[in-house]
Amino acid sequence: MLIVPALLDCMQERVAMHHSQNTCTKTPNILFLLIIFLLCIPALAKTQEDSLWHDLGLYGGQIKTIAVDPLSGSMLYAGSYMGGGLFKSFDQGVTWKEIPGFRDTEVYDITFDPNHPETLWVAHNQYIQVSRDDGATWQKFLFAEAESRFCYAVRIDPHDASGDTVYVGTGGPDGRDEWGAVFKTIDGGDHWFKTSLIASYNVLRLSINPSRSGEIWAASSINVGLPQGKIYVTSDSGMSWGSWDIGWYLDDLAIHPVNPSLIFAAGELGLIRKLDGIGKATGWQQLEPQTLCHSLCLIPESPDTLYAALENKIAASIDAGKTWSYYTVAQQFLSLAADPLQSDIVYGGDLNKGVFKSTDGARSFAEINNGIRANQIFSIDSSPAQAPSILAGTLAGVYIRDATMRWNLINDGHAEAVAFHPQNDSIIYAGFPLKIGKSTDRGTTWSYQSISSLSEMHDVSSIAVSSRAPELVVAGIYFYSGKKGRIIKSTDTGETYNLMWETTVPVNTVRIHPVNPLVIFAGTGSFYAPVAPGGLFVSSDGGATWQKTSLQNVIVNSVAISSLDPRIIYAGCGGSDNAYSGIYKSSDGGATWQKTPRGLPHEYAITSLQIDTANMNIVYAASFYGGVYLTVDGGDYWTQIGLSDYLIYDVILQAQPSDIKQIKTAGTVTAPLPVGTIVAGTTSGIYQYAAGDTGTLCGIITSAETGAPIDAAQVSVSCGSSCISSDGYYLMLVPSGTHTIEVQAAGYERADLPGIAVSSGQSVSYDIALHPSDTTCPATALLLGTPYQNYLENLKAFRDRVLRRTSRGKQLISLYYTAGAELVRLLNAHPELRTPCLSVMREIMPAVAASLADKPVSIPASVLNKIETVVS
């Protein structure tokens, strides 16, 4: 398996072998370093040390699947929609740990190998992943990606003692909800092939009969809950299939653990049961709970005990579905799982609120979310009080965090926009699908107003309350189709709203001028598919009429106006595909705009901007794919301050203007160092950065050979901060302490500079000269002058955008360049090695390209065999 720790150990061993035996027979072993550099698409590519950020513990999220260790019951896994993706618990759910490599994917299914419980298979997005060591290391398979199929279900054949026979249910090609398939491997994933099934819809669930070898059942439905469904079965391991039309959406499928002819299914109209297995003579019986059922659970220790997750109820049967009892619960469970040894212990994965546990046979459930970082935080706000509270609009509802530092759920509606009243933090506004809510008692009670009479699904994207005229509330609306947006306005503190304006793309943000409440800005554009540009618009008459600003043909997600000088305005732009990106600044109230790209990556989308209330030169920017950025010089240069591998929706600043510290920036200009508390809302929860105990590192990076400034050098420090040089200049915010600076740039040797001390409030200037390194880059020596030299750009991007994002990846880069000069010498001395190395490189370049698209991959067995031949 291509696992970073194992590879590093392997490479270090091979280097030691070479140095101890200085003979030509070991040159292929050294050359293996080059191959591994290209192959090592790390499972940890999206994990970075963010020691500067503190998790505020707003846990939960949508949990689609739960798996329990079939032997002990103490080890659990939970799969989420976005957020951490895959979580593991060693203590029956008391605490959870995020498994690296799954963040911001949708984990649909998890299954243990019944014969080898240390082996776990996971279906998520367009690939399958397996761990054979209790989740320590992982291998990915992308067999479904070629046809753009989503992997929804995975099951291990219990009749194959080796555990190598695995079935996967997928969606249709090109992401369609029709023509789903079942794939199969009989060699643990090295090779995959389709069975004969071409399903009418997605194959969402699989179940293998534990008593009958070769009998596999599949539930097929449209993935959006439309009333269409089929159940398929094969008795010959997928060679031929029979089917039944069900006529409604199917959500789960289960086989009785003792009676092989007793099959259950659940979905839109409740539960159905078949008493004679694959026999076609009879159909399916409708059981008593004739209401939407998301999940079924059969208890291993009590085979006739069956639990069904309904809407805010659990239906329980102790006679295999003949009679039922009902228990009212507060949760809406998408998944259920039972402890294999204790029949009263049942786990549930909620629609939005995380993982819950019952110890009384599903009669009641308690939250066990400590560490489940999957609650998506769409919008946050800070109260105007002396001891500010934090308001969060999330996937699970509206939360408030007060002086007790605890989160309280004050509304369980999905909320993508929240706001405090600027003068009275007892008044709260929140946007929900089809309505906008208001509370005058900090969320104890709520009143609601409809935001549109249209039946098409729509939601509130942004809420702005005027600080000068707090009776004025403006809200932006987006339609789920992505092809319409609206602005509504209230002049009576949110009691009533009127339609002000309608656009052909979503309204993403609204902002009211801090001095003149008649001036309102609106940013538009379709952020998600179908991605489409909009622009920035302004009204000077309270929303009666609207005009285009000069900032057009972009997707505007955020607008920030300085309260110190309202002529200073920033606009954050970009789409979910990084289209139309940029941070733009206007110094004349929005008449003209200038892009401010220095220090920012080439691909990014800005979702939120916040200007410091004490100094308008300090601005924070949330990048959807690239962390939080900061400028201390009015946008001239941006530096990353963490959360680089998180998807970020919103950022706010709880300022402390009474404690401003001065720093020295480029040249002789002085500017205050931010000391407030920064809060970021992400798909993986909410995080806080206290900037008070920090200083800055800045300087110029040049070529030691020519003295010319080096652009786009990656500068990082041991604490996790990083930035990109622009015209040689770099600046980053770091905590006080002693750090090691690491600098890497294409074509130059890496520089490691330890012992750089920075005190709180201090700015340390440190210029760095890099030495050219083409002679130490084996890839350059191998590819330059060949028809494949265009691979170099992708390899450099892979180094900078994938490997450089983790400490393990940085070790790999260091090892690569450390051995680089010798590898180049060996390539030159043994030209016969070039042909097989080029052959391997050609075959793995698609994997490199996939990694650049944030799609970790494994290398096909055929390529691994070729590598083994090269290095043997």
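First things first, this report covers the structure right here in the doc. Everything quoted here is computed from the prediction, not taken from an experiment.

### Overview of the environment of Ile-390
Right, on to step 1. For Ile-390, the location among the structural elements is in strand β33 (residues 390–394).
Right, on to step 2. Overall, Ile-390 belongs to the buried group, its relative accessible area being 3%.
Right, on to step 3. Distance from Ile-390 to Met-405, taken between C-alpha atoms, is 9.5 Å for residues 15 residues apart in sequence.
Right, on to step 4. Setting aside chain neighbours within four positions, we find Ile-390 in contact with Leu-56, Asp-381, Tyr-399, Ile-400, Arg-401, Trp-407, Phe-420, Gln-654, Val-679 and Ile-686.

### Some details on the nonpolar core
A general tendency of soluble globular proteins is for nonpolar side chains to be buried together.
Right, on to step 1. Core analysis: the largest hydrophobic core is formed by 45 residues, its most contacted members being Trp-53, Leu-697, Tyr-730 and Ile-741.
Right, on to step 2. In terms of residue count, the dominant contributor to this core is strand β64 (residues 729–735) (six residues).
Right, on to step 3. In this structure Leu-697 touches Val-717, Tyr-730, Leu-731, Met-732, Val-734, Ile-741, Ile-756, Val-758 and Val-764, once residues within four positions along its chain are discounted.
Right, on to step 4. If you look at the next biggest cluster of nonpolar residues, it comprises 20 residues, including Leu-795, Ala-797, Leu-803 and Ile-813.

### Concerning the sheet that holds strand β20 (residues 263–267)
Right, on to step 1. Taken in spatial order, the four strands line up as β19-β20-β21-β22 in an open sheet, and their pairing is antiparallel. Looking along the sheet, the strands with just one partner apiece sit at the ends: β19 (250–255) and β22 (285–286).
Right, on to step 2. Sheet analysis places β19 next to β20, joined by five bridges and oriented antiparallel. Pairing of Asp-252 across the sheet is with Ala-266, part of β20.

### Some details on the sheet that holds strand β4 (residues 76–80)
Right, on to step 1. The four strands lie next to each other as β3-β4-β5-β6, forming an open sheet whose pairing is antiparallel. Single-partner strands in this sheet number two, and they are β3 (63–68) and β6 (97–98).
Right, on to step 2. One ladder, built from five bridges, connects β3 with β4; its direction is antiparallel. By the bridge assignment, Ile-63 is partnered in β4 with Ser-80.

### Here we look at helix α7 (residues 834–852)
Each α-helix winds once per 3.6 residues, and so residues spaced three or four apart point in a common direction.
Right, on to step 1. Given a rise of 1.5 Å per residue, 19 residues ought to cover 27 Å, and the 25 Å separating the end C-alpha atoms of α7 matches this to within 8%.
Right, on to step 2. The largest bend along α7 measures about 40 degrees and falls at Ile-844, with the proline Pro-846 one to four residues further on.
Right, on to step 3. Among all positions in α7, only Cys-837, Leu-838, Ser-839, Val-840, Met-841, Ile-844, Met-845, Ala-847, Val-848, Ala-850, Ser-851 and Leu-852 are buried.

### A few points about the side chain of Ser-526
Right, on to step 1. Within the fold, Ser-526 resides in strand β45 (residues 520–526).
Right, on to step 2. Engagement of the side chain of Ser-526 in a polar contact is seen with the backbone oxygen of Tyr-528, the distance being 3.0 Å.
Right, on to step 3. Only 2.7 Å separates the side chain of Ser-526 from the backbone oxygen of Pro-530, close enough to count as a polar contact.
Right, on to step 4. Once residues lying within four places of it in the same chain are set aside, the contact partners of Ser-526 are Gly-482, Val-505, Pro-506, Val-531, Ala-532 and Ile-555.

### Some points on the pattern of salt bridges
Right, on to step 1. Following the criterion strictly, the structure yields 18 salt bridges and no others.
Right, on to step 2. With a shortest N-O distance of 3.8 Å, Lys-230 and Asp-245 are connected by a salt bridge. One end of the pair, Lys-230, is in strand β17 (residues 229–234); the other, Asp-245, is in strand β18 (residues 242–245), and 15 residues separate them in sequence.
Right, on to step 3. Two residues, Asp-425 and Arg-442, come together in a salt bridge whose shortest N-O distance is 3.3 Å. Taken together, the residues Asp-425 in the loop between β36 (417–420) and β37 (428–432) and Arg-442 in the loop between β38 (435–439) and β39 (447–450) connect sequence positions 17 residues apart.
Right, on to step 4. Given the relative accessible area of 16%, Asp-425 is considered buried.
Right, on to step 5. A single network of salt bridges, built from pairs that share partners, joins Glu-98, Arg-103 and Asp-645.

### What about the packing of aromatic side chains?
Right, on to step 1. Evaluated as defined, the whole model comprises 28 aromatic pairs.
Right, on to step 2. Aromatic side chains Phe-624 and Tyr-625 sit 5.0 Å apart centroid to centroid with 80 degrees between the ring planes, which places their arrangement in the edge-to-face category.
Right, on to step 3. Taking the relative accessible area as the measure of exposure, Phe-624 reaches 3% and is therefore buried.
Right, on to step 4. Take Tyr-625: its relative accessible area is 28%, and that puts it in the partly exposed class.
Right, on to step 5. The ring of Tyr-646 carries the charged tip of Arg-103 above its face, separated from the ring centre by 4.0 Å.
Right, on to step 6. The ring centre of Phe-479 lies 5.1 Å from the NZ or CZ of Lys-484, which sits over that ring.

Scoring rules and cut-offs
- Residues numbered from 1 in each chain as written.
- Predicted model: local features only at pLDDT ≥ 70, side-chain atom pairs only at ≥ 80, totals over all residues.
- Heavy atoms only, no water.
- Helix = DSSP H or I, 4+ residues; strand = E, 2+ residues; numbered from the N terminus.
- Buried < 20%, exposed > 50% of the residue type's maximum accessible area, 1.4 Å probe, protein only.
- Contact = heavy atoms within 4.5 Å.
- Core = buried A, V, L, I, M, F, W, Y, C linked by side-chain atoms within 4.5 Å.
- Pairing = 2+ DSSP bridges.
- Expected span 1.5 Å × (residues − 1).
- Bend = angle between axes of the 7 residues up to and from the residue.
- Polar contact = N/O pair within 3.5 Å; in protein donor to acceptor, adjacent residues only side chain to side chain.
- Salt bridge = Lys/Arg side-chain N within 4 Å of Asp/Glu carboxyl O.
- Phe/Tyr/Trp six-rings, centres within 6.5 Å; stacked < 30°, edge-to-face > 60°.
- Lys NZ or Arg CZ within 6 Å of the ring centre and 35° of its normal.

Everything listed here is a matter of coordinates, which is why it stays silent on function.
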